[in-house]
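Report on the structure
Here is what each chain is made of, one letter per residue.
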Amino acid sequence: MVIIAGLGNPTREYENTRHNIGFMAVDALADKYNIHVMDCKHKALLGKGMIGGTKVVLMKPLTYMNLSGEAIRAVVNYYKVDAESELIVIYDDISLDVGQLRIRKKGSAGGHNGIKNIIANLGSDTFLRIKIGVGEKPKGYDLADYVLGHFDKEEQAVMAESLAKVDGAVNLMLEGRVDMAMNQYNVKNSPKEATQTT
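Worth saying up front: this structure is predicted, and the values here are computed from it rather than measured. (Residues numbered from 1 in each chain as written. Predicted model: local features only at pLDDT ≥ 70, side-chain atom pairs only at ≥ 80, totals over all residues. Heavy atoms only, no water.)

A word on the overall build of the chain
Across its full length, the chain carries seven helices and seven strands. Taken from N to C terminus, the helices and strands of the chain fall in the order β-α-β-β-β-α-β-β-α-β-α-α-α-α. In terms of C-alpha radius of gyration, the chain reaches 15 Å, essentially the compact-globule figure of 16 Å for 198 residues. Structurally, the chain occupies a C-alpha span of about 45 × 30 × 30 Å along its principal axes. Here the chain holds 198 residues, and the buried ones make up 51% of them. Excluding contacts between residues fewer than 6 apart, the proportion of contacts in the chain whose partners are at least 24 apart in sequence is 69%. Surface summary for the chain: the accessible area is close to 9,700 Å², and the carbon and sulfur share equals 50%. (Helix = DSSP H or I, 4+ residues; strand = E, 2+ residues; numbered from the N terminus. Rg over C-alpha atoms; globule rule 2.2 N^0.38 Å. Buried < 20%, exposed > 50% of the residue type's maximum accessible area, 1.4 Å probe, protein only. Contact = heavy atoms within 4.5 Å. Areas by Shrake-Rupley, 256 points an atom, 1.4 Å probe, with all protein chains shown as cover.)

Here's what the structure looks like:
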């Protein structure tokens, strides 16, 4: 069994904001694989199902972003999974272009408070992750205002393509082909995609 956790903030005011792209990725997977993420347990919304031949638990922490690790630790403990190989965390990254993916097996939080809290709660920075680029903060913007803002119309189209790529990456990772997923998806957006986002 593999836990796939998308990071975000609960409540309607945060829906479809840059910081909630992890929730959006889990929702897209839930829709495609007909998994109902409605079970409220362990400070999270959970849904069990199958992707490919693998049993998965889709998860959206309800603790708010900065305490994501509390919910993830509780679910990891409950299902007795190995966080190093049976947990995939999906979240936003402002250092990547809009829609760009970056798959990692481990690493620091890179200033992301949700990841910082997960590392603190798990006691390790070794867990699979898919970062989704939401674009760099424009000069003069407050960081919180930027990540809690919404995508414009062109960015929404790029993000829709990106979520389809997340599905492909997740499938490879569930098959144990993490290196192949990294080779395939850790690439810069094409110039065409890049011009759409500027």
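As for the nonpolar core
Of all hydrophobic cores here, the largest spans 35 residues; its most connected members are Ile4, Leu58, Ile88, Ile90, Ile130 and Ile132. Contributing elements (two or more residues each) for this core: β1 (2-6), α1 (21-33), β4 (54-61), β5 (87-93), β6 (101-104), β7 (128-133), α5 (153-174) and α6 (178-185). At nine residues, the largest contribution of residues to this core is made by α5. Look past the residues within four positions of Ile132 in its chain and what remains in contact with it is Ile21, Ala25, Ile90, Tyr91, Asp92, Asp93, Gln100, Leu101, Met159, Ser162, Leu163 and Val166. Counting residues in each nonpolar core, the second largest holds 22 residues, with Leu7, Leu87, Val89 and Ile118 among its members. (Core = buried A, V, L, I, M, F, W, Y, C linked by side-chain atoms within 4.5 Å.)

Overview of the pairing of β4
Here is the key point about a regular strand: its side chains alternate between the two faces of the sheet. Most of β4 is tucked away: seven of the eight residues are buried. Pairing analysis gives four bridges linking β1 to β4, with the strands arranged parallel. Each residue of the ladder has a partner; that of Ala5, found in β4, is Met59. Bridging between strand β3 (residues 44-51) and β4 involves eight bridges; their strand directions are antiparallel. Counted as the bridge partner of Leu46 is Met59 from β4. Here β3 hands over to β4 after two residues, with Gly52 in that stretch at a positive phi of 65°. (Pairing = 2+ DSSP bridges.)

Brief notes about the packing of α1 against α5
Axis separation between α1 and α5 bottoms out at 10 Å; the angle between their running directions is 65°. By the angle class used here, α1 and α5 are roughly perpendicular. Note that α1 runs across α5; the crossing there is right-handed. Of the residues in α5, those touching α1 at Ile21, Met24, Ala25, Ala28, Leu29, Lys32 and Tyr33 are Met159, Leu163, Val166, Asp167, Val170 and Asn171. When grouped by side-chain class, the residues that make up the contact of α1 with α5 number ten nonpolar, one polar and two charged. (Axes fitted to C-alpha atoms, helices over the stretch in contact; angles between N-to-C directions. Parallel < 35°, antiparallel > 145°, perpendicular 65-115°, else oblique. Left-handed = near helix turned anticlockwise from the far one by under 90°. Nonpolar A, V, L, I, M, F, W, Y, C, P; charged D, E, K, R; others polar.)

What to know about the packing of α5 against α6
Two numbers describe how α5 lies on α6: the axes approach to 7 Å, and their chain directions differ by 155°. Relative to α6, the element α5 is oriented roughly antiparallel. Relative to α6, the crossing made by α5 is right-handed. Residues Lys165, Gly168, Ala169, Leu172 and Met173 of α5 lie in contact with α6, whose contacting residues are Val178, Met180, Ala181, Gln184 and Tyr185. Residues of the contact of α5 with α6, tallied by class, amount to seven nonpolar, two polar and one charged.

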